[in-house]
Structures are given as C-alpha cells and as structure tokens.
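Inside the fold
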Amino acid sequence: MKKANAVFRLDGKVAVVVGAASGIGRASALALGDSGASVACTDMDAAGAQKVADEITGAGGKAAAFTLDIRKRENIDAVVEGIRSRFQRIDVLVVTPAVNVRKRLLTYTDDEMDRVIDLNLKATLRVTQAVAQRMEDGGSIILTSSIRSVTVEPGQGVYAATKAALVQLARGFAVELASRNIRVNALAPGVVETPLTEPIKKNAEWYSAYANRNRRRWLGRSSSWRQAPAVISPEPYCSSTAAGPGSTAVTNRPYERAFHAARIGGASRGGRDRR
Ligand SMILES: NC(=O)c1ccc[n+]([C@@H]2O[C@H](COP(=O)([O-])OP(=O)(O)OC[C@H]3O[C@@H](n4cnc5c(N)ncnc54)[C@H](O)[C@@H]3O)[C@@H](O)[C@H]2O)c1
C-alpha cells in the first residue's frame with residue numbers, strides 16, 4: 001500500500017464510494033484504500049466496480065464490489081444492508097454519479113431536465129439517506145458538487161443549478177446530522193479529464209479554451225485525486241477529522257493547491273463562519 005496518505009489514515013474505517021468504477025469516484029476509492037479504509041466500491045457498472053475493488057485488494061488493501069443503481073430506490077436499502085453485513089460498519093460515504101446534458105436553456109426539454117435532476121439531486125439524496133441511516137456516529141459524508149456551483153457557461157445551466165443545489169443539500173445534511181457528529185462536505189472540482197468530460201477533450205478548441213486557463217495547459221486528471229497532499233486527495237482529507245462541518249471544498253486548480261473551505265455556522269461544532 002502507498003504511504004502517501006500517512007497523515008490522514010483511515011485504518012479500521014469503512015468507506016462506501018458510489019460511482020467507484022470511473023473517474024473521480026474510482027480515484028477516490030483508490031485514495032481511500034491507500035489510506036487504510038475498507039472500501040465498498042459501488043456502481044451501476046458492476047464489472048467496473050469489481051475492477052477497482054480488485055485494484056485495491058491487489059495493492060494489499062481491503063475492498064469489495066457492489067452493484068448499485070442509485071436511480072432505483074428499491075435496490076438501495078438492500079445493497080447498503082449488504083455492505084454493512086460484509087464490513088460490520090460504515091464510516092464514510094462518497095457520492096459521485098452525475099449527468100450533464102450540455103444544452104442551452106432556451107431549448108431544454110422537460111425530459112432532459114428530469115434526467116439531470118433525477119441523478120444529480122434526487123438519487124444523491126436517496127443514497128445519502130440510506131447510508132446515513134446506517135452510518136456510525138462520527139462518520140463523514142462527501143457529496144460531489146462542481147465548480148459549476150459558483151460559475152456557469154452557456155450550455156451548463158441545468159447541470160450548474162443541480163450542483164449549486166447540492167451544496168445546500170450538503171449543508172442541510174450537515175445541520176441535521178451534526179447531533180450524531182457526522183460531518184458532511186461538498187467537493188467542487190474544476191474540470192478533470194474523465195469520461196464525463198470526454199466531449200471537451202474531443203473538441204480541440206473547447207479543450208484548449210479550458211486548458212489554457214492554467215499554466216500546465218492541460219486539465220485536472222482524476223489520478224491526482226489519489227495523491228497526497230490532502231489538497232489534491234480530498235476524500236481522505238474530508239474523511240479524517242481535519243475538515244470542518246458543512247464546508248464546500250473548491251478543488252478547481254488541484255495542481256496549484258487552490259483549496260478553499262467555506263465553513264457554515266449553523267451546524268458547526270466550533271467552526272468559524274467564513275461565507
Ligand atoms: N470530471 C469533471 O471535470 C468534473 C468537474 C466537476 C465536478 N464533477 C463531478 O464529479 C462527479 C464524478 O464525475 P466523473 O467525471 O468522475 O464521472 P464519470 O462519468 O467518470 O464517473 C461516474 C460514475 O458514476 C457511475 N454512475 C452513473 N450513474 C449511476 C447510477 N445511477 N448509479 C450508480 N452509479 C452510477 C458511472 O457508471 C461511473 O462509473 C460528478 O458528480 C461530476 O458532476 C466532475
């Protein structure tokens with residue numbers, strides 16, 4: 001196992017990663033495995049989740065794969081129960097799945113809006129409810145928002161709206177779960193090369209418009225999610241006791257260590273309000 005995350009060890013803890021088969025979820029699962037957590041790799045892509053679980057166990061960590069489609073309420077409780085009976089406890093939840101229909105608002109259809117809201121908000125809420133109900137007191141929940149929660153471009157309006165809403169959802173959970181000492185944070189990544197952002201990579205003009213905004217001329221890479229220090233490996237950071245409750249970590253420029261935590265007062269256990 002890597003010693004990269006020696007500061008933020010999670011030995012003896014059990015982490016559930018939703019969307020573990022790809023991109024940021026995959027990198028998060030590997031980072032949590034590196035940090036000593038037992039990782040339940042869940043995804044609707046069963047083979048992909050298994051591959052990541054195998055990668056963790058192959059490196060000496062503890063992991064198991066679970067097939068889970070968070071759009072289907074009827075499956076979620078049974079899968080989460082299965083995770084608890086396999087690992088005996090749940091301490092950390094990371095939720096990553098989202099969809100983006102890139103299209104200007106004036107022509108957005110109801111169906112497209114439903115698709116984006118259903119996964120990005122409703123399914124995220126649903127799986128967070130199910131896991132939080134079964135989580136140990138003192139646990140940690142990390143929802144994946146986006147830099148789009150604070151900035152928007154043409155064609156990103158509905159996705160951006162769900163990501164902004166997700167920040168408030170995280171704060172709402174933080175307020176309601178504070179009495180159980182469960183910390184809830186939202187991560188707001190900048191553009192990272194993953195299957196979700198494949199359309200950007202395929203369009204040279206679009207890609208360079210983003211890439212030219214940083215000194216290295218390429219976008220964030222999900223492999224950075226696995227590396228120390230904590231600012232570029234945010235899941236172990238948020239899962240440890242270092243993060244403030246209800247904060248949003250904007251990981252817009254991971255290589256330049258842009259990491260801002262805007263703490264809220266309401267659910268805070270001593271955190272300063274720096275909104
Ligand atoms: N990639 C970026 O540039 C970027 C930037 C900001 C925010 N984000 C956010 O990060 C998160 C992860 O993005 P990514 O780029 O890693 O995506 P990705 O497409 O690489 O991975 C998403 C994973 O979620 C799984 N998934 C999709 N629907 C599911 C469902 N219904 N149930 C269970 N699993 C499901 C997929 O199978 C896939 O493994 C998203 O919330 C996204 O909005 C990404």
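Quick look at the structure, then. Everything numeric here is computed off the predicted structure, so don't read it as measured data.

What counts and how
- Residues numbered from 1 in each chain as written.
- Predicted model: local features only at pLDDT ≥ 70, side-chain atom pairs only at ≥ 80, totals over all residues.
- Axes fitted to C-alpha atoms, helices over the stretch in contact; angles between N-to-C directions.
- Helix = DSSP H or I, 4+ residues; strand = E, 2+ residues; numbered from the N terminus.
- Parallel < 35°, antiparallel > 145°, perpendicular 65-115°, else oblique.
- Left-handed = near helix turned anticlockwise from the far one by under 90°.
- Contact = placed C-beta atoms within 7 Å.
- Nonpolar A, V, L, I, M, F, W, Y, C, P; charged D, E, K, R; others polar.
- Buried ≥ 20, exposed ≤ 12 C-beta atoms within 10 Å, placed from the backbone.
- Pairing = 2+ DSSP bridges.
- Right-handed = clockwise from strand over helix to strand, strands pointing away.
- Expected span 1.5 Å × (residues − 1).
- Arc of directions from axis to C-beta.
- Near = placed C-beta within 6 Å.

**Topic: the packing of helix α4 (residues 110-132) against helix α5 (residues 157-177)**
In the contact formed by α4 and α5, the axes pass within 10 Å of each other and the chain directions differ by 15°. Judged on the interaxial angle alone, α5 and α4 are roughly parallel. In the crossing of α4 with α5, the sense of the turn from one axis to the other is right-handed. From α4, Met-113, Val-116, Ile-117, Asn-120, Leu-121, Thr-124, Leu-125, Thr-128 and Ala-132 reach across to α5, where they touch Val-158, Tyr-159, Thr-162, Ala-165, Leu-166, Leu-169, Phe-173 and Leu-177. Grouping the constituent residues of the contact of α4 with α5 by class yields 13 nonpolar, four polar and no charged.

**A few points about the pairing of strand β2 (residues 38-43)**
Looking along a regular strand, one sees side chains alternate from face to face of the sheet. Of all six residues in β2, six are buried; the element is thus mostly enclosed. Residue alternation in β2 divides its side chains into two sets, Ser-38, Ala-40 and Thr-42 and Val-39, Cys-41 and Asp-43, and both sets are buried. Summarising the sheet, strand β1 (residues 14-18) and β2 pair through five bridges and their orientation is parallel. Each residue of the ladder has a partner; that of Val-16, found in β2, is Ala-40. On the question of chirality, the crossover connecting β1 to the parallel β2 by way of helix α1 (residues 23-34) is right-handed. Across six bridges, β2 lies against strand β3 (residues 62-67) in parallel orientation.

**Overview of helix α2 (residues 46-58)**
When the terminal C-alpha atoms of α2 are compared, their 18 Å separation across 13 residues agrees well with the 18 Å that a helix rising 1.5 Å per residue should span. All of the buried residues in α2 are Ala-49, Val-52, Ala-53 and Ile-56. Along the long axis of α2, the arc covered by the buried residues comes to 100°, so they all point the same way. The outward face of α2, more than 90 degrees from its buried face, is lined by the exposed residues Ala-47 and Gly-58. In this fold, the buried residues of α2 make contact with α1, β2 and β3. Looking at the residues trailing α2, positive phi occurs at Gly-60, about 95°.

**With respect to the site of the ligand**
Neighbouring the ligand are 30 residues, the closest being Gly-19, Gly-23, Ala-98, Thr-194 and Leu-196. Mapped onto the shell around the ligand, the elements with two or more residues apiece are α1 and α4. Of the residues forming the shell around the ligand, the biggest block, three residues, is contributed by α1. Grouping the constituent residues of the shell around the ligand by class yields 16 nonpolar, 10 polar and four charged.

**A closer look at the pairing of strand β6 (residues 183-189)**
Where burial is concerned, most of β6 is hidden: seven out of the seven residues are buried. A two-sided burial pattern is seen for β6, the buried positions comprising Arg-183, Asn-185, Leu-187 and Pro-189 on one face and Val-184, Ala-186 and Ala-188 on the other. Examined bridge by bridge, strand β5 (residues 140-144) and β6 share five bridges and lie parallel to one another. Looking at β6, one finds that Leu-143 is bridged to Ala-186. As a crossover connection, the stretch from β5 through α5 into β6 is right-handed.

**Some thoughts on the packing of α1 against α2**
Running from N to C, α1 and α2 point in directions that differ by 25°, and their axes come no closer than 10 Å. By the angle between their axes, α1 is roughly parallel relative to α2. α1 and α2 meet at a crossing whose hand is right-handed. Side by side, α1 and α2 meet where Arg-26, Ala-29, Leu-30 and Gly-33 of the first sit next to Val-52, Glu-55 and Ile-56 of the second.

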